Amino acid sequence: MNATGTRARVRAALTREITEVARRHLAVDGASALSLRAVARELGMASSAVYRYFPSRDELLTALIVEAYDALGTAAEQADAAVAPDDLRARWQAVCRAAREWARAHPHEYALVYGSPVPGYAAPETTIGPAARVGEVLCAIVARGVASGQVEPAGTGSGALHPGLAELMGLPADSALAERAIVAWTGLFGLIGFELFGHLHNVVDDRAAFFTDAVDRLADQIGLPGPGATR
């Protein structure tokens, strides 16, 4: 390997190490207290060296946010791919279950992307694509239902959505289906967030059963066929 390739490998390894340490700091101190200097101290590096990889705290936060969204998106996509394409209800359940399992396994990373905004931080456009991955999987399930005749796009929408969004979702522009899909998508993360952030304490005892039932209710609202139904 030439010198350029060696430098690239070293840079990639150090970048991974910096983000791994930063994730540990998230768990202890929270996103708002993330400090490049503190990360550098733990790594035994001069802070100026860390700045060569991440010129600001915000750039490090962005890297962590993108990684979290991508990891969650990958979990959702893999869960979806493991189910027969036309078993829409099973696909929906699998994706929602994967999102919850990922969040429970990575609570601090989930809080970074779906918790309270970090004061002074504005997410750049590079986070938009990764943030949409779970929603895109869910919308693809609904779109498959329309294409296969399993989901009826009945009803007229309110016109509240951004122009062209329904088409980007692969759904009919003149129906309420895109709106119902977005309600279900936000409902999923509301369910996960309420559980993860302690809002179900002394309210729901069997949280797995509650989540499964709620996910099915969201599927019903969209019009996905019942368990195992295909055409």
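Criteria and thresholds
- Residues numbered from 1 in each chain as written.
- Predicted model: local features only at pLDDT ≥ 70, side-chain atom pairs only at ≥ 80, totals over all residues.
- Heavy atoms only, no water.
- Domains from an automatic or database assignment.
- Contact = heavy atoms within 4.5 Å.
- Buried area = accessible area lost by both parts, 1.4 Å probe.
- pLDDT = per-residue confidence, 0-100.
- Helix = DSSP H or I, 4+ residues; strand = E, 2+ residues; numbered from the N terminus.
- UniProt positions renumbered as here; feature names shortened; annotations may be inferred.
- Axes fitted to C-alpha atoms, helices over the stretch in contact; angles between N-to-C directions.
- Parallel < 35°, antiparallel > 145°, perpendicular 65-115°, else oblique.
- Nonpolar A, V, L, I, M, F, W, Y, C, P; charged D, E, K, R; others polar.
- Polar contact = N/O pair within 3.5 Å; in protein donor to acceptor, adjacent residues only side chain to side chain.
- Buried < 20%, exposed > 50% of the residue type's maximum accessible area, 1.4 Å probe, protein only.

**Thoughts on the domain arrangement of the protein**
How big an interface is tends to be stated in terms of the accessible area lost upon association of its parts. Taken domain by domain, the protein consists of domain 1 (1-55) and domain 2 (62-222). Summarising the inter-unit geometry, the C-alpha centres of domain 1 and domain 2 are found 31 Å apart. With nine residues of domain 1 in contact, the opposing surface of domain 2 contributes eight residues. In total, domain 1 and domain 2 occlude about 710 Å² of area from one another, counting both sides; carbon and sulfur atoms represent 79% of this.

**A closer look at the confidence of the model for the protein**
When pLDDT is averaged along the protein, the result is 91, and 95% of the positions lie at 70 or above. At the low end of the mean pLDDT range in the protein sits helix H1 (residues 3-29), at 83; at the high end sits helix H5 (residues 88-105), at 98.

**Describing the UniProt feature "domain: HTH tetR-type" (unreviewed entry) in the protein**
The positions UniProt marks with the feature "domain: HTH tetR-type" (unreviewed entry) are residues 12-72. Counted over residues 12-72, helix gives 77% and strand 0%. Its end C-alpha atoms are 22 Å apart.

**Brief notes about the packing of helix H4 (residues 57-81) against helix H8 (residues 133-148)**
Two numbers describe how H4 lies on H8: the axes approach to 8 Å, and their chain directions differ by 25°. Here H4 lies roughly parallel to H8, going by the angle between them. Contact residues: H4 offers Asp70, Leu72, Gly73, Thr74, Ala76, Glu77 and Asp80, while H8 offers Arg133, Val134, Val137 and Ile141. Across the contact of H4 with H8, the residue classes break down as five nonpolar, two polar and four charged.

**Brief notes about the side chain of arginine 133**
Along the chain, the position of arginine 133 falls in helix H8. A distance of 2.7 Å separates a polar atom in the side chain of arginine 133 from a polar atom in the side chain of glutamate 77. Contact partners of arginine 133, with chain neighbours within four places excluded, come to Asp70, Gly73, Thr74 and Glu77.

**Some points on unusual backbone geometry**
Phi at asparagine 202 is positive, roughly 65°, even though this residue is not glycine. Counting through the fold element by element, asparagine 202 comes out in the loop between helix H10 (177-196) and helix H11 (207-222). Judged by relative accessible area, which is 69%, asparagine 202 ranks as exposed.

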